[in-house]
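Structural overview
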Amino acid sequence: MKKRSKKYEEAFSKIEKGKVYSKEEAVKLVKETSISKFDGSVEVAMRLNLDTKKADQQLRGAIVLPKGTGKNIRVLVIAKGENAEKAKNAGADDVGDVDMIEKIEKECLRLNAAWHGKKAKQVPVIPDEPVLDEFIELDAVKEQLQSGHLLPIGYDADNANPYALDLHRIFSYLISGRAKTGKKNLLKILMKMGAQTGMKMYVADFSGKLKETAAENNAVFIDTDRKMYDAFMEWQTEIIEKNGRKKEMEAAGKSDLEIYQEMASMGLSCMMISNLPEFINHIMYPEKDVPLMAGFLENITEKGAGLGIYFISAYTPDEITKVKGNAIYNNLVKKKEGLHLGGNVGAQNILNFDYISYKEQNKVQKTGVAMLPSVDGELTSTRLIIPLAGKADAEK
């Protein structure tokens, strides 16, 4: 049985069960049994024995309280000429024209400048031309970044709220899309967000187009097989240390969240890949003077989940078929987590878009519009609007 407060029990004791009270007694009792610090409302139920299915027995109405609601209402009218005079005669508290609008704007600015407390959250809106510089200044985006495990990447098209990758859940994240649908633009956003969280980033891009952004965000840029091998040797030291600590915590019965927090305290790191098929080919067939790396990468892509290390891989659906069957490819795509840019999701066969009709699957979307797949039967959002990282990124 639900436990009631002392005030509730005291008020309830004043009501005599089964007694029919007069209107005067009922109003007096309502006041005596009120336990709130504000003026509460009173609900009145009446049995009228009406058949509301019949038009002549439907009852609707309104009542005007003799003393109003207790609120002091002031009336401001924006008008000029004859209408302004009519408003004054009707009892308006204040009447004005354009000057009054300017006065209101100045007063709003004054009040805003004078207020030093927490400001109300703005209603989320997706700009007509969303850009990263504005997106990253949103309070909701800043809150996500402060969490330490969320990487905001764009606007949820359904509610305009920032959508973020949850590092608690992902290990390998895929960015699918045809040419010029915004894959490199999204990688630039992820570099910016990763830098905000202090994440160690490796950027594998043999085209060289991400080199400048990588440097701006303190990422290790990889555009040769030798640089890739050196990066893996550096990463290997971190992974061995983390793996040992993870095994200790698992043996001690620690939860996944506790393990993640420990891994995060040791430093998060991510390999961002601009072209997955090209990346795998360099791994499988490195230059002559570069040692083999395939075994190392097969191992960490198979067993690296939960170590605070991540892979984010971009690819074009037509080209990904070149590496199908490769062990590294299989490990990176097996969870089927990611997004698809540019629409026509039916042209790819890795991410699951079964919730979309066949007709809708073949629709082309604008550059920067991403479709989200269902993962293990779960679907939190369906479509994202990705902001531009810079003017030159509109079709990358």
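Everything here concerns the structure above.
Source: prediction; values computed, not measured.

Bringing the environment of Ile-385 into the picture now. With respect to the helices and strands, Ile-385 occurs in strand 12 (residues 383-385). A relative accessible area of 17% means that Ile-385 is categorised as buried. Separated by 225 residues in sequence, Ile-385 and Ala-160 place their C-alpha atoms 8.8 Å apart. Look past the residues within four positions of Ile-385 in its chain and what remains in contact with it is Ile-126, Pro-130, Gly-154, Tyr-155, Ala-157, Gly-368 and Val-369.

As a rule of thumb, nonpolar side chains are buried together in soluble globular proteins. Within the largest apolar cluster, 43 residues are counted, with the highest numbers of intra-cluster contacts made by Phe-232, Trp-235, Met-271, Phe-279, Ile-283 and Phe-311. Counting only elements with at least two residues in this core, the list comes to strand 6 (200-204), helix 9 (225-251), helix 10 (256-265), strand 8 (269-273), helix 11 (276-284), helix 12 (294-303), strand 9 (309-315) and helix 14 (327-333). Broken down by element, the residue count for this core peaks at seven residues, all from helix 9. Sequence-distant contacts of Met-271, defined by excluding residues within four places in its chain, comprise Tyr-202, Ala-204, Ile-222, Phe-232, Trp-235, Tyr-310, Phe-311 and Ile-312. By size, the runner-up hydrophobic cluster in this structure holds 42 residues, among which are Met-199, Val-203, Cys-270 and Met-272.

Here strand 5 (residues 172-177) lies mainly inside the structure; six of its six residues are buried. Here strand 5 shows no split at all, with Ser-172, Leu-174 and Ser-176 on one side and Tyr-173, Ile-175 and Gly-177 on the other all buried. Sheet analysis places strand 5 next to strand 9, joined by five bridges and oriented parallel. When the sheet's bridge partners are listed, Leu-174 is paired in strand 9 with Ser-313. Bridge analysis of strand 5 against strand 10 (residues 338-341) gives four bridges, and the strand direction is parallel. Note on strand 10: the bridge partner recorded for Ser-176 is His-340.

Of note in the backbone geometry, Ala-160 takes a positive phi value of approximately 70 degrees without being a glycine. Of note, Ala-160 is situated in the loop between strand 3 (150-156) and strand 4 (162-166). Judged by its relative accessible area of 8%, Ala-160 falls in the buried class. Even without a glycine there, the phi angle at Lys-336 is positive, about 55 degrees. In this fold, Lys-336 is placed in the loop between helix 14 and strand 10. With a relative accessible area of 37%, Lys-336 lands in the partly exposed category.

This paragraph deals with the side chain of Gln-361. As for its position among the elements, Gln-361 is in helix 15 (residues 358-361). On the basis of relative accessibility, which here comes to 16%, the residue Gln-361 falls in the buried class. Of the polar contacts made by the side chain of Gln-361, one reaches the backbone oxygen of Phe-353; its length is 3.0 Å. Engagement of the side chain of Gln-361 in a polar contact is seen with the backbone oxygen of Ile-356, the distance being 3.0 Å.

A few words now on the packing of helix 9 against helix 10. The N-to-C vectors of helix 9 and helix 10 enclose an angle of 155 degrees; their axes lie 10 Å apart at closest approach. The orientation of helix 9 relative to helix 10 falls into the category roughly antiparallel. Helix-helix and strand crossings are classified by hand; for helix 9 and helix 10 the assignment is right-handed. Counted together, Lys-242, Arg-245, Lys-246, Met-249 and Glu-250 of helix 9 and Glu-258, Ile-259, Glu-262 and Met-263 of helix 10 form the full contact between these two elements. For the contact of helix 9 with helix 10, the residue count by class is three nonpolar, no polar and six charged.

Turning our eyes to something else, we now look at the pairing of strand 8. In terms of burial, strand 8 is largely enclosed, as five of its five residues are buried. Judged by which residues are buried, strand 8 turns out to be covered on both faces: Ser-269, Met-271 and Ile-273 on one side and Cys-270 and Met-272 on the other are all buried. Summarising the sheet, strand 6 and strand 8 pair through five bridges and their orientation is parallel. Note on strand 8: the bridge partner recorded for Val-203 is Met-272. Across five bridges, strand 8 lies against strand 9 in parallel orientation. Its bridge partner lying in strand 9, Met-271 is registered against Phe-311.

With that settled, the discussion passes to a nonpolar patch on the surface. Nonpolar side chains collect at one region of the surface, where Val-30, Val-42, Val-44, Met-46, Leu-48, Leu-50 and Leu-59 lie side by side and expose about 710 Å² of accessible area between them. Along the chain, the position of Val-30 falls in helix 2 (residues 23-32). For Val-30, a relative accessible area of 35% gives the class partly exposed.

Scoring rules and cut-offs
Residues numbered from 1 in each chain as written. Predicted model: local features only at pLDDT ≥ 70, side-chain atom pairs only at ≥ 80, totals over all residues. Heavy atoms only, no water. Helix = DSSP H or I, 4+ residues; strand = E, 2+ residues; numbered from the N terminus. Buried < 20%, exposed > 50% of the residue type's maximum accessible area, 1.4 Å probe, protein only. Contact = heavy atoms within 4.5 Å. Core = buried A, V, L, I, M, F, W, Y, C linked by side-chain atoms within 4.5 Å. Pairing = 2+ DSSP bridges. Polar contact = N/O pair within 3.5 Å; in protein donor to acceptor, adjacent residues only side chain to side chain. Axes fitted to C-alpha atoms, helices over the stretch in contact; angles between N-to-C directions. Parallel < 35°, antiparallel > 145°, perpendicular 65-115°, else oblique. Left-handed = near helix turned anticlockwise from the far one by under 90°. Nonpolar A, V, L, I, M, F, W, Y, C, P; charged D, E, K, R; others polar. Patch = residues over 30% accessible without salt bridge, like charges linked within 9 Å, V, L, I, M, F, W, Y side chains within 5 Å. Areas by Shrake-Rupley, 256 points an atom, 1.4 Å probe, with all protein chains shown as cover. Salt bridge = Lys/Arg side-chain N within 4 Å of Asp/Glu carboxyl O.

The quantities given are spatial measurements derived from coordinates; they are silent on function.
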